[in-house]
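Take a look at the letters that make up each chain.
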Amino acid sequence: MRPAPLRLLLAIAPRGRRQPRGVASGPPGVPSGSPGVASGSPSIPSGPPGASSVPPSVPSGSPGVASGSPGVPSAPHRIPPGVPPQLWGHRALSSSPGPPHSKDQGEGEGSGGCREKDDDDDDEGVEFGTLSTRFSARKFYHKATPRSRDLQLEEEGEEDTGRKPRRGPRNTPYWYFLRCKALIKEDKLAEALELFEVQMLKEERVQPEESNYTVLIGGCGRVGYVKKAFKLYNDMKKRGLTPTEPTYTALFNACAESPWKDSGLQSALKLRQQLKSKNQELNLITYHALLKVCALCSDLRMCLDVLKEIVQKGHVPTAETFSFLLMSCIKDSESGFRYALQVWKQMAKLGIKANSHTYNLMLRAARDCGIGDPVVASQVLLSPADGSSPQLRLAPGTQKVKNQRKKGSEGASAVQLDVEAMEKQLFQQSLVQPEELIRQQKKDVNETEMKLVPAGLNSSTEALVRGDQNELEQDQACLSQKLHLCNLPNLLDSQVPDAAVVSLGTVATPSHRLALMGDVEGFLNKMKEDNAEPNIKTFTLLAELVESQSPSESSLLALLDEHKVKVDVTFFNALIRKKSKQGDLEGAKSLLPALAKRSLSPNLQTFCSLAIACHREKDGLQLLSDLKTSGITPNKYIYSALIGAAVRQLDYSYLTEILRDMRNNEVPPNEVIIRQLEFAAQYPPKFDRYKSKNPYLAKIDGFRGYYHRWLKVMAGEETPHPWEKYRTAKRSVGEDKEEDVQGKLRQDAAADS
């Protein structure tokens, strides 16, 4: 008989394997827990079927006989021939070693697995109980959390060293709102933007709220950072946050304060169109911000268009509403003062009392604007108010109280018609007269004399046409003493002017325009009637308007003390600048002791005002020497004032000394100074330098030679971008080039206009 393979024998005779619980290990019919039966030794077949492995006379479980003992075979035919004794009783692929045996018994049943030399190649080098990388390379069987990922990065050393991890609880959005608001109040907009964008959004990952965006948009609006304001607005909408009315107010304010007015106006009009398409209702404060955009970036007509929409929505105009209209009037340098007086009269007809800011705007209009055509101004400002005259009058039932609008188409149309009538009255569309009537009116004005108005008044009353000038000059000395008894006409009063006043004369100077508002005394009395307290800005504007060397100018300091207004350096600088523009250097210097008497120190603006009157080289060099003695370095504005004074005198040696001092102090010239010097270095028109010699040309040639050498060694001042100090991150080269191109285009457009 052919012997059976060893592998088959080992597979069918696992002697030492432990069986699971609940499974009988003995032969059938014998309980596993019976006494005298070994539960862990299964029977081994002995060859032919039906042969018993143990003699019948000896039970398998008797004491002294090991059931299935490999050392003592129970029959001669059990072990096939050719099997060495060392392999008897070994079991294949055993996972647990058996109990130790003595040396006489040989290798035990549970001592190890089969170690054959002819095993398959797949089983080589693989041991039971070890993990192999050949079957799977996956390490994570569950989704990795951000916390586990951070821990892994920390172990691998890949954590970003530039950002410090924050410990403790996260701050709330309201805390960031208060912190950003405090930083903006301290003029630290860049720090507030960095706190919001870096710490809040990136480091702590706090979900922002509407108030966080609104406070930052408001901060950008105060400095005119339009691009950043709209970027925050777009990010706010992308996060699903709903903008509120303060958000729109801040956006309109950013457009109004933009350094580029055309761009700001276009952004505001686009936002206004978007709000109209969404039927967004605006409150009066937001409309005021829109009025501010139109006043600073557009003209009076657009402001009236917004005013028409305001009264159509049922809002009640206030003093602040008319203040924005006055700001738009000031932009018209030719007829702005007449427009301002007409707007003032409409405000008085509505019963709205002016405040200090409104009075200051009227003073600005008198300082910077003219009255336009005297004939039209006389007809509009001096004509009695008729009952049928067009005026802004709110119809009943159209007022809006606490954002509750009463719907009524008739009232709204009536308000609209009133605003249109006001616009026609302002721009004289309904008061156009034939040329013959205007000529006849001018002739009547020349023939009519104002004999009821006292003569001999100072130049502040020259705004009115007077009677016989010869008689006035004769009685000037006598009647000038009674000046305080004379009631000057005040066009700010709602009452009709004196019937003796026929028309307005030539209103050429700011002091004439101040006389039409009652001069200093009448203007302050009008403020007192409206319970408007004058401030230091009011007196500074009066100092610029009042006539020099007049009793009103000398009484300003006394009026300051009377109204208990604290004087500052700006007030004295206005007086010094006005005297310097008149060429009175000694009069300007005489105000310095009064400055020191009130414990005030002059600043660079004070010396800049004095430099305007330094027409001689001696005076200019003395001013520079005094600044050097005081330890003050002159700035570009002082040098620009000195260069302007020297150019007006055509003193090229003076110009050369100024340039030499600039070089010694290393003050870089700006664009204004370069423009002044280029004008001074030009030859006179229609002059042939080769035809004849002139000492003037010798001086200009010397200046031109030094000026060209001076340009090579002096570094020009680079004008910083208005938004540079508010940027938080470095910008790319492409964005910088784009803004440079936009800036050049705006400059070219301004030059063409």
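Residues numbered from 1 in each chain as written. Predicted model: local features only at pLDDT ≥ 70, side-chain atom pairs only at ≥ 80, totals over all residues. Heavy atoms only, no water.

## Thoughts on the overall build of the protein chain
- Tallying secondary structure elements over the protein chain gives 33 helices and zero strands in all.
- Looking at the protein chain as a whole, 39% of its 753 residues are labelled buried.
- Within the protein chain, contacts between residues at least 6 apart in sequence are counted, and of these 71% link residues at least 24 apart.
- Here the protein chain has roughly 45,800 Å² of accessible surface; of this, 52% comes from carbon and sulfur atoms. (Helix = DSSP H or I, 4+ residues; strand = E, 2+ residues; numbered from the N terminus. Buried < 20%, exposed > 50% of the residue type's maximum accessible area, 1.4 Å probe, protein only. Contact = heavy atoms within 4.5 Å. Areas by Shrake-Rupley, 256 points an atom, 1.4 Å probe, with all protein chains shown as cover.)

## Points about the environment of Val647
- The residue Val647 is located in helix α29 (residues 636-649) in this model.
- A sequence separation of 29 residues divides Val647 from Gln676, and the C-alpha atoms of the two residues are 8.0 Å apart.
- If we skip the residues at most four places from it in the chain, Val647 touches Leu655, Gln676, Phe679 and Ala680.

## Some details on the pattern of salt bridges
- With the rule as written, the count across this model stands at 17 salt bridges.
- Between Glu544 and Arg367 there is a salt bridge, and its shortest N-O distance comes to 2.7 Å. With a gap of 177 residues between them, Glu544 in helix α21 (residues 536-545) and Arg367 in helix α13 (residues 356-368) connect regions that are remote in the sequence.
- Connected via shared salt-bridge partners are Arg272, Asp305 and Glu309. (Salt bridge = Lys/Arg side-chain N within 4 Å of Asp/Glu carboxyl O.)

## Some thoughts on helix α30 (residues 652-665)
- Taking 1.5 Å of rise per residue, the 14 residues of α30 would be expected to cover 20 Å, and the 20 Å separating its terminal C-alpha atoms lies within 8% of that figure.
- Of all the residues in α30, the buried ones are Tyr652, Tyr654, Leu655, Thr656, Ile658, Leu659 and Met662.
- The first or second residue beyond α30 is Glu666, which carries a positive phi of 55°. (Expected span 1.5 Å × (residues − 1).)

## Things to note about the side chain of Glu553
- Relative to the elements of secondary structure, Glu553 occurs in helix α22 (residues 551-554).
- Apart from the residues within four sequence positions on either side, Glu553 is in contact with Val546, Glu547, Ser548, Leu575, Lys578 and Lys579.

## Topic: helix α4 (residues 189-203)
- With 15 residues, α4 should reach 21 Å at 1.5 Å per residue; the first-to-last C-alpha distance of 20 Å fits that figure.
- The largest bend along α4 reaches roughly 25° and is located at Leu195.
- All of the buried residues in α4 are Leu189, Ala190, Ala192, Leu193, Leu195, Phe196, Glu197, Gln199 and Met200.
- Buried residues in α4 make contact with α3 (173-185), α5 (210-223) and α6 (226-238).
- The first or second residue beyond α4 is Arg205, which carries a positive phi of 55°. (Bend = angle between axes of the 7 residues up to and from the residue.)

## Some remarks on the environment of Ala229
- Among the secondary structure elements, Ala229 is positioned in helix α6.
- Residue Ala229 is classed as buried on the basis of its relative accessible area, which comes to 0%.
- Once residues lying within four places of it in the same chain are set aside, the contact partners of Ala229 are Ile217, Cys220, Leu251 and Ala254.

## Re the packing of helix α12 (residues 336-349) against α13
- With their axes 9 Å apart at the nearest point, α12 and α13 run at an angle of 155° to one another. Accordingly, the angle class assigned to the pair α12 and α13 is roughly antiparallel. When the axes of α12 and α13 are compared, the crossing they make is left-handed. Two secondary-structure elements touch here, α12 through Phe337, Ala340, Leu341, Trp344 and Met347 and α13 through Thr358, Tyr359, Met362, Ala365 and Ala366.
- Of the residues in the contact of α12 with α13, the class split is nine nonpolar, one polar and no charged. (Axes fitted to C-alpha atoms, helices over the stretch in contact; angles between N-to-C directions. Parallel < 35°, antiparallel > 145°, perpendicular 65-115°, else oblique. Left-handed = near helix turned anticlockwise from the far one by under 90°. Nonpolar A, V, L, I, M, F, W, Y, C, P; charged D, E, K, R; others polar.)

## Observations regarding the packing of α21 against helix α24 (residues 569-581)
- Contact pair α21 / α24: the axes reach a minimum separation of 9 Å and the direction vectors enclose 5°. Taken together, the axes of α21 and α24 lie roughly parallel to each other. The segment α21 lies against α24, with Ile536, Phe539, Thr540, Ala543 and Glu544 engaging Thr570, Phe571, Ala574, Leu575 and Lys578.
- Here the contact of α21 with α24 is composed, by residue class, of six nonpolar, two polar and two charged.

## Topic: the packing of aromatic side chains
- Here the structure, examined in full by the defined rule, presents 14 aromatic pairs.
- Geometrically, the ring pair formed by Tyr174 and Phe177 is stacked, given 6.0 Å between the ring centres and 25° between the ring planes. Residue Tyr174 and its partner Phe177 are both found in helix α3; the two are separated by three residues, about one turn of the helix.
- Classification of Tyr174 as exposed rests on a relative accessible area of 53%.
- You can call Phe177 buried: its relative accessible area is 18%.
- A centroid spacing of 5.1 Å and a plane angle of 65° characterise the contact between Trp344 and Tyr359, whose relative ring orientation is edge-to-face. Of this pair, Trp344 sits in helix α12 while Tyr359 is found in helix α13, placing the two residues 15 residues apart along the sequence. (Phe/Tyr/Trp six-rings, centres within 6.5 Å; stacked < 30°, edge-to-face > 60°.)

## Comments concerning the environment of Leu623
- Relative to the helices and strands, Leu623 is located in helix α28 (residues 617-629).
- Judged by relative accessible area, which is 8%, Leu623 ranks as buried.
- In contact with Leu623, not counting residues within four places along its chain, are Phe607, Leu610, Ala611, Cys614 and Leu642.

## Observations concerning the state of the cysteines
- The full count for this structure, using the stated rule, is zero disulfides.
- With no disulfide of its own, Cys255 lies 7.7 Å from the sulfur of Cys297, the closest cysteine sulfur. (Disulfide = S-S within 2.5 Å.)

## Side note on unusual backbone geometry
- One non-glycine residue, Asp187, lies in the positive phi region at around 60°.
- Secondary-structure assignment places Asp187 in the loop between α3 and α4.
- According to the relative accessible area criterion, Asp187 is exposed, its value standing at 57%.
- A positive phi is found at Leu650, a non-glycine position, where the angle reads about 55°.

## Examining the confidence of the model for the protein chain
- Summing up the model confidence of the protein chain, the mean pLDDT is 73 and the portion of residues at 70 or higher is 60%.
- Within the model, the stretch residues 394-417 combines pLDDT values under 50 with 30 contacts to residues more than four positions away or in other chains.
- Scored below 50 in pLDDT, residues 440-486 shows 58 contacts in the model against residues more than four places distant or in partner chains. (pLDDT = per-residue confidence, 0-100.)

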